[in-house]
Amino acid sequence: MANVVTSMQDAGRKSRNFAVYWIPHIEYSPSSMPKITFILNGREKSVDAEPDQTILEVAQANDIPMENACGGNGFCMTCKCHIRKGAENLSPLNEREEAMGVGGDERLGCQATLKGDVTVEPEAA
Ligand code: FES
């Protein structure tokens, strides 16, 4: 019980025997990486992604089948996905998607970039 501090006064008296450190509060998130859950033929597969990657880039990096006939340029619609959860965690619709008539729960996998966790179901896998 010799080094137990019971008050600030007590801390002052005993401070010669130990150091007092101030530890700032740090916001820590063990997983700040966005996660995409792909729904493929009724099965779910979750993978980590880098912020600002497109859905298509994440799919390709993780061997998830996703059509991309125009090479990710927003002209073919083959990468169209239905967003099942987390639509607010994607970039807003861009001009390419608007020009292609994408709307509702749809996004182009090659145009939508990640800000947080989403669940997507590619229309054609
Ligand atoms: S790959 Fe063609 S529109 Fe996305």
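Up top is the structure.
Quick look at the structure, then. (Residues numbered from 1 in each chain as written. Predicted model: local features only at pLDDT ≥ 70, side-chain atom pairs only at ≥ 80, totals over all residues.)

### Regarding the overall build of the chain
- A tally of helices and strands in the chain yields 3 helices and 5 strands.
- Each helix (α) and strand (β) of the chain, taken in turn from the N terminus, gives the series α-β-β-α-β-α-β-β.
- Counting across all 125 residues of the chain, residues that qualify as buried make up 21%.
- Counting only contacts in the chain whose residues sit at least 6 apart along the sequence, the fraction spanning at least 24 positions is 58%. (Helix = DSSP H or I, 4+ residues; strand = E, 2+ residues; numbered from the N terminus. Buried ≥ 20, exposed ≤ 12 C-beta atoms within 10 Å, placed from the backbone. Contact = placed C-beta atoms within 7 Å.)

### So, the pairing of strand S5 (residues 118-122)
- Burial along S5 is one-sided: the face carrying Val118, Val120 and Pro122 is buried and the face carrying Thr119 and Glu121 is not.
- In this structure, strand S1 (residues 35-40) lies alongside S5, joined through 3 bridges in parallel fashion. Within S5, the position partnered with Ile36 by the bridge is Val118. (Pairing = 2+ DSSP bridges.)

### Section: the environment of Asp48
- Note that Asp48 resides in strand S2 (residues 43-48).
- Judged by the 12 C-beta atoms lying within 10 Å of it, Asp48 falls in the exposed class.
- Excluding its chain neighbours within four sequence positions, the residues that come into contact with Asp48 are Met33 and Lys35.

### Topic: the pairing of strand S3 (residues 80-85)
- When S3 meets strand S4 (residues 106-108), the two strands line up antiparallel, connected through 3 bridges. Bridged to Cys81 within S4 is Arg107.
- Here 4 bridges tie S3 to S5, and the two strands are oriented antiparallel to one another. Among the inter-strand pairings, Cys81 is bridged to a residue of S5, identified as Pro122.

### Here we look at the nonpolar core
- Counting 18 residues, the largest nonpolar core has Ile36, Ile55, Leu56, Ala59, Cys79 and Val120 as the members making the most contacts within it.
- For this core, the elements supplying multiple residues, two or more each, are S1, helix H2 (55-61) and S5.
- At 4 residues, H2 tops the list of elements feeding residues into this core.
- Residues in contact with Ile55, not counting those within four places in the same chain, are Ile36, Cys81, Gly109, Ala112 and Val120. (Core = buried A, V, L, I, M, F, W, Y, C linked by C-beta atoms within 7 Å.)

Geometric values such as these leave the question of function open.
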